Structure formats: structure tokens, C-alpha cells
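Breakdown of the fold
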Amino acid sequence: MIRIIHYVNQFFGQFGGEEKATMPPKVIKGPVGPGILINQLMEGKGEVIATLICGDNYFSENKESALEELLNWTALYKPDILIAGPAFNAGRYGIACGEICKRINEEFGCPCVTGMYPENPGVELYKKYVYIVETTSNVWGMGKAMPKMINLALKLLYGEPIGTPSEEGYIPRGLKKNILHKKLASQRAIELLLKKMRGEPFQTEIPSPDIDLVPSAPPIPNLKRAKIALVTEGGLVPKGNPDHIESACATRYGKYSIENMESLSSGNFESIHRGIDTQFINEDPNRLVPLDVLRQMEKIGIFKELFPLLFVTTGVATTMANGKRIGKAIAGELKECDVSGVILTAT
């Protein structure tokens, strides 16, 4: 019998939603939630011997201590395979699945497979280290994703050759592999070109990255008449983070008054950004958002006025889709207020 450990978050572990996201690690013998599907797919050849569960927020905020407990339980149960998720498009869950797979594979040599939607931030962070089966954005794709995850894990366990991403269903890992082919590269290139010209399906051997090109904005015609705004993706929020802006995988932004402030105070602002060391920013928030310098420039007339609101989000592990949505929303507000230009500070 193949011994399988399954990792899930608090939701799929059937403890609750966001209200249970701070739940510390737990282990339950046997399958829970989607682990039952794993047992069915194994058809008696293996079973989930234990389910590891951890709240998304707890793992995000206590990664090392959470991993220590999860690794200890893994050592205790001695699995042949680890299945994590699938996490679909849940960013915190995806990052946890990726990190757990990476660490357990490194520590125990255990084949590990997870599943995510391509825009999940965990994909970019872990695809080079972990096989990530492509899923839909939501749980409705569970039935299609889990069989692919199981099949891939079994191939890894038995040391069988792993096919291409399109054959196995995993997200391309950014790795190139040279293989011998009976046709010359020139012949294959011409065949691909002819298929493209005829409108037939084809697949390139070396896909190009899909990168948005954003045209540069024209210069401000008269800086002395300009209204300038401050925006940051550095997670600089009022103490206590009243709007609960995420420290990673942001889905929203905040806006805070800086009217009549000469500088930003460490007593009133803090950075909740999880991708950098925030020590020096929290000692002097002006290091990230230079309000003090801009006030001096405003006073001597380099520009006309500073917009009275600071717009804030966090960029670390935020999906392209959420980044575009947040950016458009902030830009829309600034445009309505006749802002001439923006100083966007990043980490």
C-alpha cells in the first residue's frame, strides 16, 4: 500500500473559512475533505494515512515554526507521496502548498505534487522546485485536477519518465531539456509555420514569455502647476493596519490622509510588507514614502501641491490580475481629482 500524506488549509480541512485562518498546524489520521477523493482514485493501491492542516494566515505569519511541526509529523508518518492542495487561485494557500512540497522533498526525498491556477502567486515562486498541476481558478476543477496530481506523483514515485507539461498537465517549470528528434529543427519550424498559416492547432517548442508592454506617460508640461500624489506598494499603513491590507498576495488597497503632515512618524505608520526587512522603514517611514522631502519641494515651489491622500497596497506575491485591478482603481481615483503625476515607491 502506498502511504500518502495530504496537506490542506483550514477550509478544505473542514474547520472553517477566514475566521479560522489563524489556526495552528494540526494532524488528523486518515483522509479529510478532498483526501477522500485521493483514496477513491488510488483504487486500493494506496491511501491517505494522515492529513496535515494549517490556517493560511498562521502559515504566512509563522512559516518556520509551522514548517517545523509539519516536517516532524511527516517524519513520523513516513509517507511515500505528499499531495498538497490543490490550492486553485488562493494565494496564501498556494504559497503554503509550494513551500511545504519544496521542504518535504528536500528533507525526505519524498515525491511531492500540488495544483494551482496559473495566476496563483505560488506558481512563480515554486514552479522551478515543485511539480504544479494546472487547475481552474476555483474548486469546481477538483475532479479534473486531482487525477493528474495522483498520476504525476505515482510517476515520480516509480521513477518513470515525466512527459511534457501538455502531456502531464503540469505548469511549465521554466526548464529546457534537450532531446534527440528524428527531424531537423528547420523542418519542425517550417511545419509549425504552415500549421499557423492554415489556422491549425500547433505548439511551439520554446514558448515566449507573455509580458505586457506599458507605454511611458508623457512628461508633465508645467511642473510648477502640477498636483502630485504619493502611491506605494510597500505596505505602509497606519499603526494596526485598520483596513486589513494583506501583507502579501494583496487583493485591495487603502488610502490615508497625509494632509497637513510635514513627515511620516514611526508612531503612526508601519510597513506590513512580508517580502522585505521592514526594520529601517518602521524606524523612519519617510525612507519608503518620502513625504518629508516632498513637503520641502512643495514649499519652494518645485510643484504646486501634494495630493492629501496616500494610496497603499502590497506588491509581494500579488497576482497580475489583482495588480492590474488595483492599479486601475487607484489611477481612476487620481484622474478624477485632476492629479498631474504620481510618485510610486516600491521595495
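See the structure above.
Here the structure is a predicted model, which means the values were calculated and not measured.

**Re helix H11 (residues 320–336)**
For H11, which comprises 17 residues, the first-to-last C-alpha distance of 24 Å matches the rise-based estimate of 24 Å (1.5 Å per residue) to within 8%. Those residues of H11 lying buried are Asn322, Ile326, Ile330 and Leu334. The buried residues of H11 occupy an angular sector of 95° when projected down its axis, which confines them to one face. Relative to its buried face, H11 has exposed residues pointing more than 90 degrees away, namely Met320, Lys328, Lys335 and Glu336. Where the residues of H11 are buried, they touch strand E7 (227–232), strand E11 (305–312) and strand E12 (341–345). At the C-terminal side of H11, Asp338 shows a positive phi close to 60°.

**Some words on the sheet that holds E12**
One open sheet holds the four strands; their spatial order is E9-E11-E7-E12, and the pairing between them is mixed. Looking along the sheet, the strands with just one partner apiece sit at the ends: strand E9 (254–257) and E12. Sheet twist, expressed as the mean angle between neighbouring strand axes with direction ignored, is 25°. Against the sheet, helix H10 (residues 291–299) touches E7, E11 and E12, its axis set at about 160° to E11. Along the sheet, H11 makes contact with E7, E9, E11 and E12, crossing E11 at roughly 160°.

**Some thoughts on the environment of Val289**
Within the secondary structure, Val289 is located in the loop between helix H9 (279–283) and H10. By relative accessible area, which is 1% here, Val289 ends up buried. Residues Val289 and Phe269, spaced 20 residues apart in sequence, show a C-alpha to C-alpha distance of 11 Å. Apart from residues no more than four positions distant in its own chain, Val289 is found in contact with Leu230, Thr232, Leu236, Leu264, Leu310 and Thr345.

**Focus on the nonpolar core**
One finds Ile4, Tyr7, Ile38, Phe59, Leu82, Ile83 and Ile100 to be the most contacted residues of the largest nonpolar core, which totals 58 residues. With sequence-adjacent residues up to four places away left out, Leu82 is seen in contact with Ile5, Ile100, Cys101, Ile104, Cys110, Pro111, Cys112 and Val113.

**Topic: the layout of surface pockets**
Empty pockets left among the atoms are what a rolling probe the size of a water molecule brings to light. As a volume, the second largest pocket reaches approximately 740 Å³. Surrounding the second largest pocket, 26 residues form its lining, Gly323, Gly327, Lys328, Ala331 and Leu344 being those nearest its centre. Listed by contribution, the elements that provide at least two residues to the lining of the second largest pocket are E7, H11 and E12. The element that contributes the greatest number of residues to the lining of the second largest pocket is H11, accounting for ten residues.

**Observations concerning the packing of helix H3 (residues 63–77) against helix H4 (residues 91–108)**
Relative orientation of the contacting elements H3 and H4 amounts to 50°, with a least axis distance of 11 Å. One element, H3, and the other, H4, form an angle in the oblique class. The chirality of how H3 crosses H4 is right-handed. Each of Lys63, Glu64, Leu67, Leu70, Leu71, Thr74 and Ala75 in H3 lies in contact with H4, whose residues at this interface are Glu99, Ile100, Arg103, Ile104, Glu107 and Phe108. Of the residues belonging to the contact of H3 with H4, the class tally is seven nonpolar, one polar and five charged.

What counts and how
- Sequence order as written defines the numbering, with residues in each chain counted from 1.
- A pLDDT threshold of at least 70 governs which residues receive local features in this predicted model, and a stricter bar of 80 or more applies before side-chain atom pairs are shown or counted, although totals over entire chains, interfaces and linings include all residues.
- Computation of side-chain values: all heavy atoms of the structure, hydrogens and water removed.
- The helix count covers DSSP runs of H or I at least four residues long, the strand count covers runs of E at least two residues long, and both are numbered beginning at the N terminus.
- For a helix, the expected span equals 1.5 Å multiplied by the residue count minus one.
- The rule is simple: take the accessible area with a 1.4 Å probe, protein chains only, and divide by the maximum for that residue type; under 20% is buried, over 50% is exposed, in between is partly exposed.
- By definition, the arc is the one covered by directions from the helix axis to the C-beta atoms.
- Any two residues having at least one pair of non-hydrogen atoms within 4.5 Å are treated as being in contact.
- Any two strands with at least two DSSP-identified bridges between them are counted as paired.
- The angle between two axes is taken between their N-to-C directions and runs from 0 to 180 degrees, where each axis is a line fitted to C-alpha atoms and a helix contributes only its stretch in contact.
- Throughout, nonpolar core names a set of buried Ala, Val, Leu, Ile, Met, Phe, Trp, Tyr and Cys residues whose side chains join them through atoms within 4.5 Å.
- Definitions used throughout: a 1 Å grid over protein atoms alone; a cavity as a set of points that fits a 1.4 Å probe which cannot get out; a pocket as an open set with protein on both sides within 12 Å along at least five of seven lines; a lining residue as one with an atom within 4 Å of a point.
- Grid points are joined across faces, edges and corners, and a volume is the space filled by probe spheres set on the points.
- Every angle not falling under 35 degrees, over 145, or within 65 to 115 is termed oblique; those three ranges are roughly parallel, roughly antiparallel and roughly perpendicular.
- The handedness criterion is simple: a crossing whose near helix is rotated anticlockwise from the far helix by less than a right angle is left-handed, and one whose near helix is rotated clockwise is right-handed.
- Residue polarity is assigned by list, with Asp, Glu, Lys and Arg as charged and Ala, Val, Leu, Ile, Met, Phe, Trp, Tyr, Cys and Pro as nonpolar; anything else, Gly included, falls into the polar class.

Without other data, these values stay purely geometric and don't point to any function.
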